Amino acid sequence: MLGEFRRTAVLVPFDEHDSLWTADRNGVRWICAFSHEQALARFAAARGETRREWRYRRVLGARLLDVMVPALPGPGGVALDAGSADGMLFPPVRGIVPDTAAVDLGETRGTE
């Protein structure tokens, strides 16, 4: 799934401040991305926000993981199709985001 996500253009909505739509959960900021307009529409309906205009941009998954996640202030990842049964998380761990942005839990530093 990771390889396909990296090669695919996804929809990333903007919030009311013209920033990428993000959600904070358990100390991680998640960039919300959607595989198609219907998934974004379902997200808007679940939030009760179908009347407002949802502006979005198409972005390659690789760009989100490699450029946008490291630019976030603190740990971040990507939530694909948030709120749907087919949703998927790409957390801030090595192998998904650049090492400089990875926060691998349970790792002990400085020991061999």
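What you see is a predicted model; the values in this text were computed from it and never measured.

The rules we used
Residues numbered from 1 in each chain as written. Predicted model: local features only at pLDDT ≥ 70, side-chain atom pairs only at ≥ 80, totals over all residues. Heavy atoms only, no water. Helix = DSSP H or I, 4+ residues; strand = E, 2+ residues; numbered from the N terminus. Rg over C-alpha atoms; globule rule 2.2 N^0.38 Å. Contact = heavy atoms within 4.5 Å. Areas by Shrake-Rupley, 256 points an atom, 1.4 Å probe, with all protein chains shown as cover. Lys, Arg positive; Asp, Glu negative; His and termini not counted. Charge placed at Lys NZ, Arg CZ, Asp CG, Glu CD. Salt bridge = Lys/Arg side-chain N within 4 Å of Asp/Glu carboxyl O. Buried < 20%, exposed > 50% of the residue type's maximum accessible area, 1.4 Å probe, protein only. Arc of directions from axis to C-beta. 1 Å grid on protein atoms, 1.4 Å probe; cavity = no way out; pocket = protein on both sides within 12 Å on 5 of 7 lines; lining within 4 Å. Points joined across faces, edges and corners; volume = space filled by probe spheres on them. Nonpolar A, V, L, I, M, F, W, Y, C, P; charged D, E, K, R; others polar. Core = buried A, V, L, I, M, F, W, Y, C linked by side-chain atoms within 4.5 Å.

**Section: the overall build of the chain**
Argument step 1. Looking only at helices and strands, the chain features three helices and six strands.
Argument step 2. In sequence order, the secondary structure elements of the chain are arranged as α-β-β-β-α-β-α-β-β.
Argument step 3. Taken against the 2.2 N^0.38 rule, which gives 13 Å for 112 residues, the C-alpha radius of gyration of the chain at 15 Å falls within 12% of a compact globule.
Argument step 4. Based on the C-alpha atoms only, the size of the chain along its principal axes is roughly 55 × 25 × 25 Å.
Argument step 5. A separation threshold of at least 6 residues defines the contact pool for the chain, and within that pool the share at least 24 residues apart is 60%.
Argument step 6. As displayed, the chain offers around 7200 Å² of accessible surface, 49% of which is attributable to carbon and sulfur atoms.
Argument step 7. Computed over 14 positive and 15 negative side-chain charges, the separation of the two mean positions in the chain equals 3 Å.

**Things to note about the pattern of salt bridges**
Argument step 1. By the definition in use, this model includes five salt bridges.
Argument step 2. Shared partners join several salt bridges into a network, and the residues in it are Arg47, Glu49 and Arg52.

**Section: helix α2 (residues 37-46)**
Argument step 1. Within α2, burial applies to Ala39, Leu40, Phe43 and Ala44. Along α2, the residues classed as buried sweep out an arc of 140° about the axis, all on the same side.
Argument step 2. Where α2 is buried, its residues touch β1 (9-13) and β4 (56-60).
Argument step 3. Note on α2: the residue one or two positions beyond its end, glycine 48, has a positive phi of about 70°.

**Details of the layout of surface pockets**
Argument step 1. Taken as a whole, the largest pocket spans an internal volume of roughly 150 Å³.
Argument step 2. If you trace the largest pocket, you find it lined by Met1, Glu4, Phe5, Thr8, Val10, Ser35, Leu80, Asp81, Asp86 and Phe90.
Argument step 3. Here the residues of the lining of the largest pocket sort into five nonpolar, two polar and three charged.

**Some points on the nonpolar core**
Argument step 1. With 17 residues, the main nonpolar core has Phe5, Leu64 and Val78 as its most contacted residues.
Argument step 2. The element best represented in this core is helix α3 (residues 61-71), accounting for three residues.
Argument step 3. When sequence neighbours within four positions are dropped, the list of residues in contact with valine 78 reads Phe5, Trp30, Ile31, Ala33, Leu64, Leu65, Val69, Met88, Leu89 and Phe90.
Argument step 4. Core analysis: the second largest hydrophobic core is formed by nine residues, Leu11, Trp21, Ala39 and Trp54 among them.

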